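Descriptive structure summary
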Amino acid sequence: ITVQGMDQLERAVARMFCIGFDGTGIPPEVDALLKRGVGSAALFRRNVAGPAEFAGLCSQLKSRAAGPLVIGIDQEGGRVQRFRSDGFTQLPPMRAFGEVWMQGGKGGTGSRR
């Protein structure tokens, strides 16, 4: 494999990884992984102080990435809400959405499949 081919292989492998990190800034080792082509990042409560900081961090991550970057967060609603401060949308538990669906609410048929 040529040096150029190895670079393509390295980027292809890097795209398969999702990274997480501590703190509200991008650590040097995460910056290096982004430049290598990591394909996604998972953010947690430890990464954000508020909505503006969240937007800024996402922007910084995407601008430092070597290619498209998927940013995810486990924000299910109910007890599993990583961002609970003012400015973030508060979601009810997913069970509440299911109950509305089962009752034939908006978007549901009211039948189990």
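Note that the coordinates shown come from a computational prediction; the quantities given were computed from them, not determined experimentally.

It is worth spelling out the sheet that holds strand 1 (residues 18-19) at this point. The 3 strands lie next to each other as 1-2-3, forming an open sheet whose pairing is parallel. Edge strands, defined here as strands with exactly one partner in the open sheet, are strand 1 and strand 3 (70-73). Where strand 2 (residues 40-43) and strand 3 come together, 4 bridges link them in parallel fashion. Bridge pairing in strand 3 links A41 to I71.

Of all residues in the protein chain, 82% attain a pLDDT of 70 or more, and the chain-wide mean is 83. No element of the protein chain has a lower mean pLDDT than helix 1 (residues 3-14), which averages 78, and none a higher one than strand 1, which averages 96.

Tallied over the entire structure, the rule returns 5 salt bridges. Linking D31 and K35 is a salt bridge whose minimum nitrogen-to-oxygen distance equals 3.0 Å. Residue D31 and its partner K35 are located together in helix 2 (residues 28-36), separated by 4 residues, close to a single helical turn. The residue D31 makes a salt bridge to R64 at a minimum N-O spacing of 3.8 Å. Placement of D31 in helix 2 and of R64 in helix 3 (residues 51-64) is noted, with a sequence separation of 33 residues between them.

Conventions we followed
Residues numbered from 1 in each chain as written. Predicted model: local features only at pLDDT ≥ 70, side-chain atom pairs only at ≥ 80, totals over all residues. Heavy atoms only, no water. Pairing = 2+ DSSP bridges. Helix = DSSP H or I, 4+ residues; strand = E, 2+ residues; numbered from the N terminus. pLDDT = per-residue confidence, 0-100. Salt bridge = Lys/Arg side-chain N within 4 Å of Asp/Glu carboxyl O.

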